[in-house]
2 protein chains.
Amino acid sequence: MKFKLALALVIASANTAAIAGQAEDQQVKFRQSAYSFAAWNCSKIKNQVVEHPETFNKDQVIAAANSIAAVANSGLGALYGPGTDQATGWKKSRLKPEFFDKHDEVVKVATAFNKEANELQKVAATGDIGAIKTQFGKLGETCKSCHDSFRVKDADAK
Amino acid sequence: MKFKLALALVIASANTAAIAGQAEDQQVKFRQSAYSFAAWNCSKIKNQVVEHPETFNKDQVIAAANSIAAVANSGLGALYGPGTDQATGWKKSRLKPEFFDKHDEVVKVATAFNKEANELQKVAATGDIGAIKTQFGKLGETCKSCHDSFRVKDADAK
């Protein structure tokens, strides 16, 4: 009986671990999707505003800026549950474990990202290509700041 | 000389194919990310409006509806280049090859998705939970309609 009870506990524990792992993997999959969607939209703005301003299309840049702001305002914090630094979404998470120990710095970089993304949305609506370029640069700095602090560097980083 | 020329042509052709493949894989990765980001936001609305209306949070539902509308308005058509039915993003594309032969039907389902997503964004802003539920149902029908016509059914479909 003792053996059966112990076995049952081991199985129950393994099942719980498996369920927790799935939830964490799902969070990582969603956050990788959110940032990839934002990255695609950033690439469109970079292309039309920085690299090839002769192709500038106001409506497309507004749509891209709306998308980046939507990502920033979507409540990404819910996708950073404990243990998600060890989880695998579409690919293994690059989140550094210290993310969970540096609450104040996390709030700071997240707030900066939100602020600059919302400002880019406003500036894009004006259609002023110079102002959009400047604001897009400010947004990029907040991305880099978070990556430098909380993302593991790897060979295929994009 | 003839052999060298033929070899050079084969290599050039292989390189072109490899580059085209990368571009198609990138398109599929971005569109899988866009739809996954939309799916996450749909799951939040489903949870707060359909399954657990006692947890309804107006600001969160507005943010989710904004995100879905941003995806719908982001110019997803640019991610459906020729050959992307055979490409692999985060995973193999489930796009049916006939997508490329049924232009009118594609325009119809894409237009319906945009219309209902934009309407959901408007309705969400009112905070009327009953109206949001109704409109969310209409949006879901456009998702299903496109999946039925243009997405391969598979065992791990989500």
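Before reading on, note that the structure itself is shown above.
Since the model is a prediction, treat every value here as computed from it, not as a measurement.

What counts and what doesn't
Residue positions are given per chain, counting from 1 as you read along its sequence in written order. Whichever chain is written first becomes A and whichever ligand is written first becomes 1, with later ones labelled in order. Owing to the predicted nature of the model, reporting of local features is limited to residues with pLDDT of at least 70; listing and counting of side-chain atom pairs is limited to 80 or more, with chain, interface and lining totals taken over all residues. Where side-chain values are given, they derive from all heavy atoms of the structure, hydrogens and water being excluded. Here the copies are matched by least squares. The fit uses the C-alpha atoms of residues with pLDDT of at least 70 in both. Any pair of residues with heavy atoms lying within 4.5 Å of one another is described as a contacting pair. Secondary structure counts use DSSP, requiring at least four H or I residues in a row for a helix and at least two E residues in a row for a strand, with both numbered from the N terminus. One less than the number of residues in a helix, times 1.5 Å, gives the span that helix is expected to have. Think of it in three bands: residues with accessible area under 20% of the maximum for their type are buried, residues over 50% are exposed, and the middle band is partly exposed, with areas taken using a 1.4 Å probe on protein chains only. Pairing of N or O atoms within 3.5 Å defines a polar contact, subject to two protein rules: one partner must be a possible hydrogen donor and the other a possible acceptor, and residues neighboring in sequence count only if both atoms are side-chain atoms. Accessible area, probed at 1.4 Å, shrinks when two parts are joined; the buried area is that loss added up over both. Whenever Lys or Arg places a side-chain nitrogen within 4 Å of a carboxyl oxygen from Asp or Glu, that contact is recorded as a salt bridge. Aromatic pairs are defined between Phe, Tyr and Trp rings, using the six-membered ring for Trp, whenever the two ring centres lie within 6.5 Å; interplanar angles under 30 degrees are classed as stacked, those over 60 as edge-to-face, and all others as tilted. We call a charge positioned over a ring when the NZ of a Lys or the CZ of an Arg lies within 6 Å of the ring centre and within 35 degrees of the ring normal. Axis definition: a line fit to C-alpha positions, over the contact stretch in the case of helices; interaxial angles, taken between N-to-C directions, run 0 to 180 degrees. Throughout, the term roughly parallel applies to angles under 35 degrees, roughly antiparallel to angles over 145, roughly perpendicular to angles from 65 to 115, and oblique to all others. The crossing is said to be left-handed when, going from far helix to near helix, the turn is anticlockwise and less than a right angle, and right-handed when the turn is clockwise. Residue polarity follows a fixed list, in which Ala, Val, Leu, Ile, Met, Phe, Trp, Tyr, Cys and Pro are nonpolar, Asp, Glu, Lys and Arg are charged, and the others, Gly among them, are polar.

*Asks:* Would you mind going over the relation of the copies chain B and chain A with me for this structure?
*Replies:* Two chain copies, one operation linking them: a rotation about an axis together with a shift along it. Mapping chain B onto chain A calls for a rotation angle of 180 degrees and an axial translation of 0.0 Å; the resulting RMSD is 0.0 Å. Here the copies are linked by what is in effect a two-fold axis. Rotation axis and chain B: the residue whose C-alpha lies nearest the axis is Ser33(B), separated from it by 2.1 Å. Comparing contact sets, 100% of the residues at the interface of chain B also lie at the interface in chain A, consistent with an isologous, same-surface contact.

*Asks:* Any chance you could explain helix 2 (residues 58-72) of chain A here in plain terms?
*Replies:* Spacing of three or four residues puts side chains on the same side of an α-helix, whose turn is 3.6 residues. Residue and element names in this part refer to chain A. End to end, helix 2 covers 21 Å across 15 residues, agreeing with the expected 21 Å (1.5 Å per residue, within 8%). Every buried residue of helix 2 is listed here: Val 61, Ala 63, Ala 64, Ala 65, Ser 67, Ile 68, Ala 69, Ala 70, Val 71 and Ala 72. For helix 2, the capping residue at the N-terminal end is Asn 57, with a side-chain oxygen 3.1 Å from the backbone nitrogen of Asp 59.

*Asks:* Please explain the interface of chain B and chain A as it appears in this structure.
*Replies:* Taken residue by residue, the interface counts 22 residues in chain B and 22 residues in chain A. The junction of chain B with chain A conceals about 1,800 Å² of combined surface from both sides, 74% of it contributed by carbon and sulfur atoms. The largest share of the area that chain B buries against chain A comes from Phe37(B), Trp40(B) and Trp90(B), three residues that together contribute 38% of it. In this assembly, chain B and chain A are joined by zero salt bridges.

*Asks:* What should I look at first to understand the packing of aromatic side chains in this one?
*Replies:* Geometry of an aromatic ring pair is reported as the spacing of the ring centres plus the angle between the planes. In this structure the tally under the stated criterion is 12 aromatic pairs over all chains. An angle of 80 degrees between the planes, with centres 5.6 Å apart, marks the rings of Phe99(A) and Phe150(A) as edge-to-face. Placement of the pair is Phe99(A) in the loop between helix 2 and helix 3 (103-126) and Phe150(A) in helix 4 (residues 129-150), with a sequence separation of 51 residues. Each of the two residues, Phe99(A) as well as Phe150(A), counts as buried. By way of ring pairs, the aromatic residues Phe30(A), Phe37(A), Trp40(A), Phe30(B), Phe37(B) and Trp40(B) are connected into one cluster. Lying across the ring of Trp90(A), Lys29(A) places its NZ or CZ 4.5 Å from the centre.

*Asks:* Just checking my understanding: could you explain the packing of helix 3 of chain A against helix 4 of chain A for this structure?
*Replies:* Residue and element names in this part refer to chain A. Running from N to C, helix 3 and helix 4 point in directions that differ by 160 degrees, and their axes come no closer than 9 Å. One way to sum up the angle between helix 3 and helix 4 is to call them roughly antiparallel. Considering how the two elements wind past one another, helix 3 and helix 4 form a crossing that is left-handed. Here helix 3 contributes Glu 105, Val 106, Val 109, Ala 112, Phe 113, Glu 116, Ala 117, Glu 119, Leu 120, Val 123 and Ala 124 to the contact with helix 4, which in turn contributes Ala 131, Ile 132, Gln 135, Phe 136, Lys 138, Leu 139, Thr 142, Ser 145, Cys 146, Ser 149 and Phe 150. Here the residues of the contact of helix 3 with helix 4 sort into 14 nonpolar, four polar and four charged.

*Asks:* Honestly, the pattern of salt bridges in this entry has me stumped. Any pointers?
*Replies:* Oppositely charged side chains can form a pair if their charged atoms are brought close together. Residues and elements named next belong to chain A. Taken as a whole and judged by the stated rule, the model has six salt bridges over all chains. Between Lys 144 and Asp 148 there is a salt bridge; the shortest N-O distance is 2.7 Å. Taken together, the positions of Lys 144 and Asp 148, both in helix 4 and four residues apart, correspond to about one turn of that helix.

Remember, this is a structural readout, not a statement about activity or role.
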